[in-house]
Amino acid sequence: MAIPTIPAAPVTTLKLSSIEQAKRLAAYTAVDEHIHPDHKVIGIGSGSTVPYVVERIVQQGEDLNRHRVFIPTGFQSKELIVASNLSLGDVDQFPTIDVTIDGADEVDRDLNCIKGGGACHLREKVLAEAAETFILVADYRKNAEYLGTNFPGIPIEVVPFAYAKVLQNLHHVLGSPNATLRMAKAKAGPVVSDNGNFIIDAPFSPDVMKDPYKIMARIKMLTGVVEVGLFCHMAQAAYFGNQDGSVTVKELVAGRVVEKNVLSA
Ligand SMILES: O=C(CO)[C@H](O)[C@H](O)COP(=O)(O)O
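Residues numbered from 1 in each chain as written. Predicted model: local features only at pLDDT ≥ 70, side-chain atom pairs only at ≥ 80, totals over all residues. Heavy atoms only, no water.

Undergrad: Residues and numbers for helix H1 (residues 18-34), please.
TA: Here H1 contains 17 residues, and its C-alpha end-to-end distance of 24 Å stays within 8% of the 24 Å for a straight helix at 1.5 Å per residue. Taken residue by residue, H1 has Ile 19, Ala 22, Lys 23, Leu 25, Ala 26, Ala 27, Tyr 28, Thr 29, Ala 30, Val 31 and His 34 as its buried positions. Here the buried face of H1 lies against helix H2 (50-59), strand S3 (97-103), strand S6 (131-139), strand S12 (237-241), strand S13 (246-253) and strand S14 (256-263). (Helix = DSSP H or I, 4+ residues; strand = E, 2+ residues; numbered from the N terminus. Expected span 1.5 Å × (residues − 1). Buried < 20%, exposed > 50% of the residue type's maximum accessible area, 1.4 Å probe, protein only. Contact = heavy atoms within 4.5 Å.)

Undergrad: Can you lay out the site of the ligand for me, pointing to particular residues and giving the numbers?
TA: Among the 16 residues in the neighbourhood of the ligand, the closest are listed as Ser 46, Ser 48, Thr 49, Asp 105 and Lys 142. At 2.9 Å, a backbone N or O of Gly 116 approaches an oxygen atom of the ligand. Considered on its own, the ligand offers 380 Å² of accessible surface; in the complex 91% of this is hidden by protein. Counted by class, the shell around the ligand contains three nonpolar, eight polar and five charged residues. (Near = heavy atom within 4 Å. Polar contact = N/O pair within 3.5 Å; in protein donor to acceptor, adjacent residues only side chain to side chain. Areas by Shrake-Rupley, 256 points an atom, 1.4 Å probe, with all protein chains shown as cover. Nonpolar A, V, L, I, M, F, W, Y, C, P; charged D, E, K, R; others polar.)

Undergrad: Break down the packing of aromatic side chains for me, with residues and values.
TA: Scanning all chains against the criterion turns up two aromatic pairs. Both rings, one in Tyr 163 and one in Phe 198, keep their centres 5.8 Å apart while their planes meet at 65°; by these two values the pair is edge-to-face. Here Phe 198 lies in strand S9 (residues 198-203) and Tyr 163 lies in helix H6 (residues 163-172), a separation of 35 residues in the sequence. For Tyr 163, a relative accessible area of 30% puts it in the partly exposed group. A relative accessible area of 15% places Phe 198 in the buried class. (Phe/Tyr/Trp six-rings, centres within 6.5 Å; stacked < 30°, edge-to-face > 60°.)

Undergrad: Tell me about helix H5 (residues 121-130), and name the residues and values.
TA: Think of an α-helix as turning once every 3.6 residues; residues three or four places apart then point the same way. Counting buried positions along H5 gives seven out of ten residues, so the element sits mostly inside the fold. Within H5, the full set of buried residues consists of His 121, Leu 122, Glu 124, Lys 125, Leu 127, Ala 128 and Ala 130.

Given below as structure tokens:
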């Protein structure tokens, strides 16, 4: 009996909206600059920008990709890897990853970011930390001076048993009176993460968001919190696709973040 073949991820041929073009520009440029022939273990993030990352990796060709293993950050990226005929691995087999590329909800001037818009930030942070190089890809709307400018809430993954207590802590102790449990759109009840947990979205004042590491540490200390969607001092570079076809790159060079504009891939 013939073994059924899984179709590879299609190369984008349809006319894309300007936002989608911006995501693709960022993803293609990041892959071209950071996924090298000698990279064998690659972390694949979650969200709507990451499919373009995988698309570009597939374009590097079967010769390179047959020697690689790809580690997903959740259900969506696992499906993407399998559908693209790439080899699937897990972080327990490969606790050291060459490069992880992931999306972001917002990135600040110091390369700190908010993640967890898709409720995947626990695994995303594990794969970011396991990676020798962690790279962000996004469209221009995610590029900000300070976190919280356009993406108001910090996603917080909590064990279901503790959600009401953590909400109370956020409202009355940590100064986020509008923190709410994230509700599902096509299901009655809360969003449940790939790990079976709930997500709280907690907005903080602009002053608090100027020091994301400090508030991240305070939230993480609350019992019942599994992970906080603030990634501080983790990314080496962030790529933002722009509407004019250029890509803005924020990159860590000798301990400082340098910003430049490059032409598209
Ligand atoms: O953190 C994430 C999921 O938990 C995503 O990477 C983030 O939400 C960005 O997604 P997109 O590329 O769709 O803007």
